Amino acid sequence: MSLSRVNVTAVRNLHPVTLSPSPRINILHGANGSGKTSLLEAIHLLGLARSFRSTRLLPVIQYDQPTCTVFGQVQLADGRQTNLGVSRQRQGDFKIRIDGENARSAAQLADALPLQLINPDSFRLLEGAPKIRRQFLDWGVFHVEPRFLPAWQRLQKALRQRNSWLRHGTLDAASQAAWDRELCLASDEIDGYRRAYIQALKPVFEQTLSELVELEGLALSYYRGWDKDRPLVDVLASTLLRDQQIGHTQAGPQRADLRLRLNGHNAADILSRGQQKLVVCALRIAQGHLVDQAKRGQCIYLVDDLPSELDEHHRRALCKLLDDLNCQVFITCVDHELLREGWRTDTPVAMFHVEHGSITQTHDHQE
Ligand SMILES: Nc1ncnc2c1ncn2[C@@H]1O[C@H](COP(=O)(O)OP(=O)(O)OP(=O)(O)O)[C@@H](O)[C@H]1O
Ligand SMILES: [Mg+2]
């Protein structure tokens, strides 16, 4: 799938603009502070109803404007189109529209517009908290396994019940046991989906990584959030006292993690910044391949500041992998000369110059 039209109003410093991007490679170039990342942020808003730069949406709205709005026309793999719209008012009203209807949740947007972000913060996937890796993992599972979301919602509900009971102790024994059973069922289901996903991801990741960088001995593994040899029900029973003391459930899929180790060491402690970026790119590109294999249409890549931290050899290798994915990519850079070359001759590349918040298309992909 690809965005065939994007309309942005009052996002950061961007002037109102309507773009007709290339279904493949889109390069946004311009000086520091011109608005390149802001355009990626606008597309991110359209796909996830949130920013990747600030936890709140208020700073995204242009100073002095009451509302920021992003519309997008999405071209689906089967030839159909879908229209998405997201708007946020300064007063706090937030709206998501899908094909003219109000949408209930951001999950519907994420389903309609699968986005992958690669930016200078991406190394956090390796060295940040487990939550970031769980989000990465669950993004992938969500897009290939439709039964994942309802199972995850059941888990959240059962966990809320259990944690509330751990803190307040107001539930009778039979109800406690029923909620624990529900918790264990949902946990096993989620663990099964996550495990199957990692099994599918691993070989694609290893292949992708080997095309980007030589890192012999890098291994990806999955920790399910509790002892791999014991059923969750036993683990919950043995940690009950401690759970009551701290007021929440310690073991379970809410504690799952992905581990990346290089010859036995935590990869984040060993790899250079550029190598970390390449590993994260390989993980995210591998996820794109799996979304594609699941026949859900490809996802769209937002790559902020692609050249940073990469030498020419690795930059070209990354461009080749993005090109081979055959999906839509939005790439920002200060110096577009660095990205002018390196694409297949039949790949439609569109260039956009960003200057003081104005975006002008300088090279038409149809030329
Ligand atoms: N809410 C806002 N309203 C108006 N302008 C804003 C708002 N928030 C940020 N800005 C300004 O928007 C400009 C664009 O920032 P952006 O991060 O998009 O630039 P960029 O082109 O990605 O730059 P760089 O090459 O340094 O990454 C900045 O000058 C910033 O000060
Ligand atoms: Mg930027």
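Note that the structure is a prediction, hence the values are computed from the model and not measured.

Trainee: Teacher, can you tell me more about the UniProt feature "binding site: ATP" (unreviewed entry) in the protein chain here?
Mentor: When the UniProt feature table is mapped onto this chain, "binding site: ATP" (unreviewed entry) is found at Gly30, Ala31, Asn32, Gly33, Ser34, Gly35, Lys36 and Thr37. Given a relative accessible area of 5%, Gly30 falls into the buried group. In contact with Gly30, other than residues within four places in its own chain, are Lys36, Cys333, Val334, His353 and Val354. Locating Lys36 in the fold gives a position in helix α1 (residues 36-48). With a relative accessible area of 9%, Lys36 lands in the buried category. Residues contacting Lys36, with those up to four places away along its chain left out, are Leu28, His29, Gly30, Ala31, Thr332, Cys333, Val334 and Val354. Within polar-contact distance, the side chain of Lys36 engages the backbone oxygen of Gly30 at 3.0 Å.

Trainee: Whenever I open this one, helix α10 (residues 273-293) confuses me. Can you help?
Mentor: Each α-helix turn comprises 3.6 residues. Residues three or four places apart therefore point the same way. The terminal C-alpha atoms of α10, which comprises 21 residues, lie 30 Å apart, in line with the 30 Å expected from a rise of 1.5 Å per residue. The element α10 is extensively covered by neighbouring structure, given that 16 of its 21 residues are classed as buried. Directly beyond the C-terminal end of α10, a positive phi value near 60 degrees is found at Lys295.

Trainee: Can you walk me through the sheet that holds strand β15 (residues 358-363) in this structure?
Mentor: The strands that make up a sheet are held in pairs by hydrogen bonds between backbone atoms, and each pair lies either parallel or antiparallel. Across the sheet, six strands lie side by side as β8-β12-β13-β3-β14-β15; this open sheet has mixed pairing. Each having just a single partner strand, β8 (115-118) and β15 make up the two edges of the open sheet. Sheet twist, expressed as the mean angle between neighbouring strand axes with direction ignored, is 20 degrees.

Trainee: I'm lost on unusual backbone geometry in this one. Help?
Mentor: Note: most residues except glycine have negative phi, and most peptide bonds are trans. Non-glycine residue Ala10 carries a positive phi angle of around 60 degrees. Along the chain, Ala10 falls in the loop between β1 (2-9) and β2 (17-19). Of note, the phi angle at Asp305 is positive, near 60 degrees, even though the residue is not glycine. Checked against the element boundaries, Asp305 lands in the loop between β12 (300-303) and α11 (312-324).

Trainee: Any chance you could explain the domain arrangement of the protein chain here in plain terms?
Mentor: Frequently, the measure chosen for interface size is the accessible area that the parts lose on association. Domain boundaries in the protein chain define domain 1 (1-114 + 301-367) and domain 2 (121-298). Each of domain 1 and domain 2 was reduced to a C-alpha centroid, and the two centroids are 28 Å apart. In this complex, domain 1 contributes 20 residues to the contact, which on the side of domain 2 involves 20 residues. Buried area between domain 1 and domain 2, summed over both chains or domains, comes out near 1,800 Å², and the portion from carbon and sulfur atoms is 65%. Note that Arg273 is salt-bridged to Glu309, the shortest N-O span being 3.9 Å. Along the contact surface separating domain 1 from domain 2 lie six residue pairs in polar contact (both at pLDDT 80 or more). Mapped by element, the contributors of at least two residues to the side of domain 1 that touches domain 2 are α2 (106-112) and α11. Tallying contributions element by element places α11 first for the side of domain 1 that touches domain 2, with five residues.

Analysis parameters
Residues numbered from 1 in each chain as written. Chains lettered and ligands numbered in written order. Predicted model: local features only at pLDDT ≥ 70, side-chain atom pairs only at ≥ 80, totals over all residues. Heavy atoms only, no water. UniProt positions renumbered as here; feature names shortened; annotations may be inferred. Buried < 20%, exposed > 50% of the residue type's maximum accessible area, 1.4 Å probe, protein only. Contact = heavy atoms within 4.5 Å. Helix = DSSP H or I, 4+ residues; strand = E, 2+ residues; numbered from the N terminus. Polar contact = N/O pair within 3.5 Å; in protein donor to acceptor, adjacent residues only side chain to side chain. Expected span 1.5 Å × (residues − 1). Pairing = 2+ DSSP bridges. Axes fitted to C-alpha atoms, helices over the stretch in contact; angles between N-to-C directions. Domains from an automatic or database assignment. Buried area = accessible area lost by both parts, 1.4 Å probe. Salt bridge = Lys/Arg side-chain N within 4 Å of Asp/Glu carboxyl O.

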